[in-house]
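What follows is the residue order along each chain.
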Amino acid sequence: MTPDQPAAPRSRQTGAATGRSGSRAGGAARPRPAARGGERTAAPARPQGGRGTPQEKGRADKGRTGRARADKARADEAAAARPTAGKGRPSPPRAPRRPVIRAPRRPSKGSLLDALRGTQQRAKKAWDRPLTAYYLILGGAALIIVLGLVMVYSASQIKALQSGLAPSYFFRKQLFAAALGAALMLLAVRMPIKLHRAFAYPLLAASVFLMCLVQVPGIGISVNGNQNWISFGGPFMLQPSEFGKLALVLWGADLLARKQDKRLLAQWKHLLVPLVPAAALLLGMIMLGGDMGTAIILAAILFGLLWLAGAPTRLFGGVLAFAGVIGILLIKTSANRMSRLACIGATEPGANDQCWQAVHGIYALANGGWFGSGLGASMEKWGELPEPHTDFIFAITGEELGLAGTLSVLVLFAALGYAGIRVAGRTEDPFVRYAAGGVTTWITAQAVINIGAVLGLLPIAGVPLPLFSYGGSALLPTMFAVGLLIAFARAEPAARAALAMRQPALRKKLARVRRKTMRRRVKERPSGER
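This text gives an overview of the structure that appears in the document.

Calculation rules
- Residues numbered from 1 in each chain as written.
- Predicted model: local features only at pLDDT ≥ 70, side-chain atom pairs only at ≥ 80, totals over all residues.
- Heavy atoms only, no water.
- Helix = DSSP H or I, 4+ residues; strand = E, 2+ residues; numbered from the N terminus.
- Buried < 20%, exposed > 50% of the residue type's maximum accessible area, 1.4 Å probe, protein only.
- Contact = heavy atoms within 4.5 Å.
- Axes fitted to C-alpha atoms, helices over the stretch in contact; angles between N-to-C directions.
- Left-handed = near helix turned anticlockwise from the far one by under 90°.
- Nonpolar A, V, L, I, M, F, W, Y, C, P; charged D, E, K, R; others polar.
- Phe/Tyr/Trp six-rings, centres within 6.5 Å; stacked < 30°, edge-to-face > 60°.
- Lys NZ or Arg CZ within 6 Å of the ring centre and 35° of its normal.
- Pairing = 2+ DSSP bridges.

Of the regular secondary structure elements, the protein holds 18 helices and three strands. Looking at the 530 residues of the protein, the share that counts as buried comes to 36%. Sequence-distant contacts, at least 24 apart, represent 68% of the contacts inside the protein between residues at least 6 apart.

Okay, the packing of helix 14 (residues 356-368) against helix 15 (residues 393-426) next. Two numbers describe how helix 14 lies on helix 15: the axes approach to 7 Å, and their chain directions differ by 35°. Considering how the two elements wind past one another, helix 14 and helix 15 form a crossing that is right-handed. Across the interface between the two elements, Gly361, Ala364, Leu365, Asn367 and Gly368 of helix 14 pack against Phe394, Ala395, Gly398, Glu399, Gly402 and Thr406 of helix 15. Tallied by class, residues from the contact of helix 14 with helix 15 come to four nonpolar, six polar and one charged.

Under the defined criterion, the tally for this structure stands at eight aromatic pairs. A ring pair is formed by Tyr153 and Phe171, whose centres lie 5.1 Å apart and whose planes are at 65°; its orientation type is edge-to-face. Placement of the pair is Tyr153 in helix 4 (residues 132-155) and Phe171 in helix 6 (residues 169-190), with a sequence separation of 18 residues. When the ring of Phe199 is compared with that of Phe480, the centres are 6.1 Å apart and the planes differ by 50°; the resulting orientation is tilted. Placement of Phe199 in helix 7 (residues 193-214) and of Phe480 in helix 17 (residues 472-490) is noted, with a sequence separation of 281 residues between them. Judged by its relative accessible area of 32%, Phe199 falls in the partly exposed class. Here Phe480 falls in the buried class, since its relative accessible area comes to 6%. Aromatic rings pair up to connect Tyr169, Phe170 and Tyr470 into one cluster. When the ring centre of Tyr434 is taken as origin, the NZ or CZ atom of Arg433, which lies over that ring, is 5.3 Å away.

This paragraph deals with the sheet that holds strand 2 (residues 226-231). Read across the open sheet, the three strands follow the order 1-2-3; overall the sheet is antiparallel. Of all the strands in the sheet, the pair left with one neighbour each is strand 1 (220-223) and strand 3 (237-238). Note: strand 1 against strand 2, four bridges, orientation antiparallel. Residue Gly220 lies in a different strand from strand 2, and its bridge partner there is Ile230. Against the sheet, helix 7 touches strand 1, strand 2 and strand 3, its axis set at about 110° to strand 2.

Taken by themselves, the reported measurements are silent on function.
Okay, here's the thing in structure tokens:
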């Protein structure tokens, strides 16, 4: 065969049977077809410099198709070789295995620590929210007032019956005072801060004027040896010294804020004058009536304002030492105050029953136990414990609600105090800082003095438990002061933004409730009514 003559093509049957490869024109090797048993042959060599001819691509596709068919055939043969359950019937499927229930593993120390850390982080995150102080003040004060109303009703029934009055007499008066105080609280929340600062001066002048009227014969009334009340006829009486606390807080905060704006607080003269002389005037007028308990609260407010103003340690210590000397002299010159001082930690009434009230307050707490004897089941209020609905209402609470009830009251006061300190510490307005600090000092100091006297740790000072004990004159200014704290908590920029974001959602919920109510009313109408 000559080179110019083309080679004769071989048949596919011969090439497949012999497995030999022929040569084509141009010297290209002929690809070997795939074997029947699924064996792969060597891939044809591609020409250099190209991707292959269309014929080679078609042969490759056919090779892949043949391999797929061979794999399917092998799978069918394996399925046919499986044992059958009967005559030509496939074997039944196996029952699913039951899940194995394993006992829960005990958490390791590392997982417990991680869980505690996660809980601590979540609590810290929730505690640092902008509205935390707002909700603590509002919720804590509301719970204290409501629980106080319940305990006033329980503790004052026997006292009212002994006086020939209706059992709910004191409760109705306290409820009326609480409603009036709620209006004052709402007013304090809605008033702008500038109006609070302007309101301080007329309030201070009115308080001083009313304290002067207390000393006028025929107008001032003496109650339990203290002449610090004004009678308006009938059962309505007023204690001006309670409003003097609020006046000192607002006026002192405005005074210190103005001096701080002028950078005058660095001088001790501007720090003390006229704040200390005005407070001394109020203290002197209160002591003329013999009410040393209220004078102690007023002194605590003064020291709280000086501390917030950044008084030097020497100056602060000097004022505190001077006040301590005056207090010791006032106690030494009064037999009644000396007897009260001697009743600290007493367990027996003593000579002439001078520690009767203090000892029976301890008896009431001891009778309560863990969870109390039950609401209304106190025994000490049946004439054994004097003033069960005012100064010693905490003892009746411990007897009827037990340790759980007294701890609840303590937690509420602690939350209220913490929220007030937080508001005073986060604000940039000096007036808000001084006013919030003064109100917090007032409520906290009065609660500590009252509870300490009931527990026998402090002398009996004759001050009520704020927001809890019976007494409208003490409840009204205190609720207004709580309204101040709520207003200051709402005035924070972050709290204001959070409240603004929640208002649209609240409006949508109210609109949804209104629509549901209207639909229900339409369904309940008679068929003939339009």
